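Examining the three-dimensional arrangement
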Amino acid sequence: MIKLLTIDDSRTIRRVISGIGAMLGFEVLEAENGAEGLAVLGEHVHEIGLVLLDWNMPGMNGLEVLKSAKANPRIRHIPVMMVTTEGERDYIIQAIQAGAVHYQTKPFSQEEMATRILEAMGMGGA
Amino acid sequence: MAISREEFDLIRSFVHEHSGIQIGEGKEYLVENRLTVLMVQNGCKDFIELHKKLVADAGPLRAKVVDAMTTNETLWFRDASFFSAVSDFIVPQLMEKAARQPQVRIWSAACSTGQEPYSIAMLLDHARRKSRGQQAPPLEKFQILATDISPSVLVIAAAGRYNQLAISRGMREAFLERYFNKTGTMAYEVDPAIRKLVTFQQFNLKNSFDGLGPFDLILCRNVLIYFSNELKAEIYRKLHARLTPDGLLAIGASESPRGYTSNFEQVMVGGAALFRPKKGS
């Protein structure tokens with residue numbers, strides 16, 4: 001089964017994303033900070049189909065995690081979607097330029113997030 | 001950098017032209033929120049460049065923009081008074097029809113993630129069970145066509161899998177028990193017999209309705225409110241042409257075809273207002 005990985009310091013967001021993943025038929029792995037997220041990515045590199053990455057977290061921020069993942073040849077192929085309260089155009093440009101495939105601002109509706117996940121994984125149909 | 005007036009106007013007129021949907025004044029945040037990623041992903045520095053690309057290229061980018069702008073939340077049995085009319089009056093009428101004609105066709109014209117067509121399918125099965133099989137037509141006699149302009153929501157709808165939050169939005173306890181199978185710890189799957197009744201298909205209401213129907217019941221609720229008056233008139237005419245002479249059109253409680261066409265008459269069904277083709281129209 002394809003897995004999603006949510007890296008977010010908010011337990012609520014991780015739970016919401018786990019619920020949406022379940023609806024889409026994906027198991028969801030969780031990490032509460034960037035370092036833990038990178039470790040989980042390394043451990044499950046062949047199973048994870050998408051990373052949902054928060055921007056503002058204690059320790060490494062999301063952009064640093066993204067850059068670190070993209071610099072690692074073992075995990076750089078795994079698509080990353082930013083999930084963040086930062087909706088400014090400049091943030092989105094930075095994330096896409098750093099290798100994020102998609103970007104979802106918080107708050108989000110369940111339907112919105114579900115369709116963004118499918119799009120990010122190339123399963124959206126459009 | 002916030003979206004400019006010029007950018008907003010260009011994008012909203014594009015979305016209107018290609019989907020019929022009107023993005024209202026003050027909805028700049030919606031365009032910004034949903035389309036900035038596509039803008040950046042496509043190498044555009046602003047929405048004016050994105051608009052140029054959209055005009056020049058009829059490929060998947062157009063579909064992605066329309067898709068991003070049309071995702072809406074939805075509920076099971078949305079609008080309690082409407083669904084009690086469906087359950088108490090419309091479903092029994094459809095059962096009678098199914099007993100005397102080969103097929104009964106229903107169209108959910110903007111089905112989003114599938115709650116509306118599955119709700120109808122469950123009510124049909126529920127009515128059959130209540131009749132304890134006496135003279136009840138088989139479920140195969142019913143066909144539900146469920147369409148939406150957004151291909152992404154249709155992926156979710158066709159999977160028929162919902163989590164606790166989606167279920168909590170209006171699903172009845174008894175129906176949850178009867179019509180869903182729990183998968184894993186967090187999701188519920190619509191029973192295959194119910195899913196079999198519904199065919200999902202991507203469809204833009206701006207397109208020709210040729211080849212669709214005729215339908216005994218069309219649900220087009222809270223959809224046309226997003227369309228211009230000209231398009232509303234055109235769609236009401238097309239809906240009228242796809243209804244059987246005694247078919248029913250269900251629209252939102254605040255909507256009416258009056259002012260757009262004179263081909264419908266209002267009928268009160270168990271406290272809910274529905275519309276049927278005027279005789280001879």
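Residues numbered from 1 in each chain as written. Chains lettered and ligands numbered in written order. Predicted model: local features only at pLDDT ≥ 70, side-chain atom pairs only at ≥ 80, totals over all residues. Heavy atoms only, no water.

Next up on the list: the overall build of chain B. Tallying secondary structure elements over chain B gives 11 helices and 10 strands in all. For 281 residues, the compact-globule estimate of 2.2 N^0.38 gives 19 Å, and the C-alpha radius of gyration of chain B, at 20 Å, lies within 12% of that figure. Along the first, second and third principal axes, the C-alpha atoms of chain B reach 65 × 55 × 30 Å. The burial tally for chain B puts 53% of its 281 residues in the buried class. Look at the contacts in chain B between residues 6 or more apart in sequence, and 72% of them connect residues 24 or more apart. For chain B, the accessible area works out to roughly 12500 Å², and carbon and sulfur atoms hold 50% of it. (Helix = DSSP H or I, 4+ residues; strand = E, 2+ residues; numbered from the N terminus. Rg over C-alpha atoms; globule rule 2.2 N^0.38 Å. Buried < 20%, exposed > 50% of the residue type's maximum accessible area, 1.4 Å probe, protein only. Contact = heavy atoms within 4.5 Å. Areas by Shrake-Rupley, 256 points an atom, 1.4 Å probe, with all protein chains shown as cover.)

So, about the sheet that holds strand E5 (residues 187-190) of chain B. Residues and elements named next belong to chain B. Pairing within the open sheet is antiparallel, and its 3 strands lie in the order E3-E5-E4. Because the sheet does not close on itself, it has two edges, and the strands there are strand E3 (161-163) and strand E4 (180-183). Sheet twist, expressed as the average angle between the axes of neighbouring strands with direction ignored, equals 35°. In terms of strand pairing, E4 meets E5 through 4 bridges, oriented antiparallel. Residue pairing for E5: Lys182 is matched across the bridge by Tyr188. (Pairing = 2+ DSSP bridges. Axes fitted to C-alpha atoms, helices over the stretch in contact; angles between N-to-C directions.)

Among all positions of helix H7 (residues 151-159) of chain B, only Pro151(B), Ser152(B), Val153(B), Leu154(B), Ile156(B) and Ala157(B) are buried. Of the residues one or two after H7(B), Gly160(B) is the one with positive phi, at around 65°.

Take the layout of surface pockets next. A volume near 350 Å³ is recorded for the second largest pocket. Lining the second largest pocket are 25 residues, with His102(A), Glu119(A), Leu38(B), Gln41(B) and Lys64(B) sitting closest to its centre. Broken down by secondary-structure element, the contributors of at least two residues to the lining of the second largest pocket are strand E5 (102-105) and helix H5 (110-120) of chain A together with helix H2 (28-41) and helix H4 (60-69) of chain B. Its residues placed into classes, the lining of the second largest pocket shows 11 nonpolar, 9 polar and 5 charged. (1 Å grid on protein atoms, 1.4 Å probe; cavity = no way out; pocket = protein on both sides within 12 Å on 5 of 7 lines; lining within 4 Å. Points joined across faces, edges and corners; volume = space filled by probe spheres on them. Nonpolar A, V, L, I, M, F, W, Y, C, P; charged D, E, K, R; others polar.)

Quick look at the pattern of salt bridges now. Residues and elements named next belong to chain B. This model, assessed by the stated rule, comprises 25 salt bridges over all chains. One salt bridge in this structure joins Glu28 and Arg5, with 3.9 Å as the shortest N-O distance. Taken together, the residues span a long stretch of sequence, with Glu28 in helix H2 and Arg5 in helix H1 (residues 5-19) at a distance of 23 residues. Of the charged contacts, one joins Glu265 and Arg276 as a salt bridge, the two residues approaching to 3.1 Å between their closest N and O atoms. (Salt bridge = Lys/Arg side-chain N within 4 Å of Asp/Glu carboxyl O.)

Quick look at the interface of chain B and chain A now. Taken together, the 37 residues of chain B in the interface contact 30 residues of chain A. Among the salt bridges present, the one from Glu112(A) reaches Arg34(B), with a minimum N-O distance of 3.7 Å. Joining chain B to chain A, the criterion identifies 7 residue pairs in polar contact (both at pLDDT 80 or more). Breaking the side of chain B that touches chain A down by element, the ones donating at least two residues are H2, H4, H7, E3 and helix H8 (164-168) of chain B. It is H2(B) that provides the largest number of residues to the side of chain B that touches chain A, a total of 8 residues. Its residues placed into classes, the side of chain B that touches chain A shows 18 nonpolar, 9 polar and 10 charged. (Polar contact = N/O pair within 3.5 Å; in protein donor to acceptor, adjacent residues only side chain to side chain.)

All names here are of chain B. Each domain of chain B was delimited in the assignment, giving domain 1 (5-69) and domain 2 (80-277). Counting residues at the interface gives 9 residues for domain 1, matched by 10 residues for domain 2. Summed over both partners, the interface of domain 1 with domain 2 buries about 770 Å², with 49% contributed by carbon and sulfur atoms. Across the contact surface, domain 1 and domain 2 share 6 residue pairs in polar contact (both at pLDDT 80 or more). Counting only elements with at least two residues in the side of domain 1 that touches domain 2, the list comes to H1 and H4. For the side of domain 1 that touches domain 2, the leading source of residues is H1, giving 4 residues. Residues of the side of domain 1 that touches domain 2, tallied by class, amount to 2 nonpolar, 5 polar and 2 charged. (Domains from an automatic or database assignment. Buried area = accessible area lost by both parts, 1.4 Å probe.)

Counted by the stated rule, this structure contains 1 cavity of 30 Å³ or more. Looking at the largest cavity, its volume works out to about 40 Å³. Looking at the largest cavity, the residues that line it are Met23(A), Gln110(A), Glu111(A), Thr113(B), Gln115(B), Ile156(B), Tyr162(B) and Ala166(B). Looking at side-chain class alone, the lining of the largest cavity contains 4 nonpolar, 3 polar and 1 charged residues.

A few words on the pairing of strand E1 (residues 3-7) of chain A. Moving residue by residue along a regular strand, the side chains alternate between the two faces of the sheet. Residue and element names in this part refer to chain A. In terms of burial, E1 is a largely internal element, 5 of the 5 residues being buried. Here E1 shows no split at all, with Lys3, Leu5 and Ile7 on one side and Leu4 and Thr6 on the other all buried. Two elements, E1 and strand E2 (residues 27-31), share 5 bridges in a ladder whose sense is parallel. When the bridges of E2 are listed, Ile7 appears paired with Ala31. Crossover handedness for the path E1 to helix H1 (residues 11-24) to E2: right-handed. (Right-handed = clockwise from strand over helix to strand, strands pointing away.)

Residue and element names in this part refer to chain B. Of all 8 residues that make up strand E8 (residues 243-250), 6 are buried, and the element is covered over most of its length. Alignment of strand E7 (residues 215-219) against E8, held across 4 bridges, turns out to be parallel. Bridged to Ile218 within E8 is Leu249. Crossover E7 to E8 through helix H11 (residues 229-241) is right-handed.

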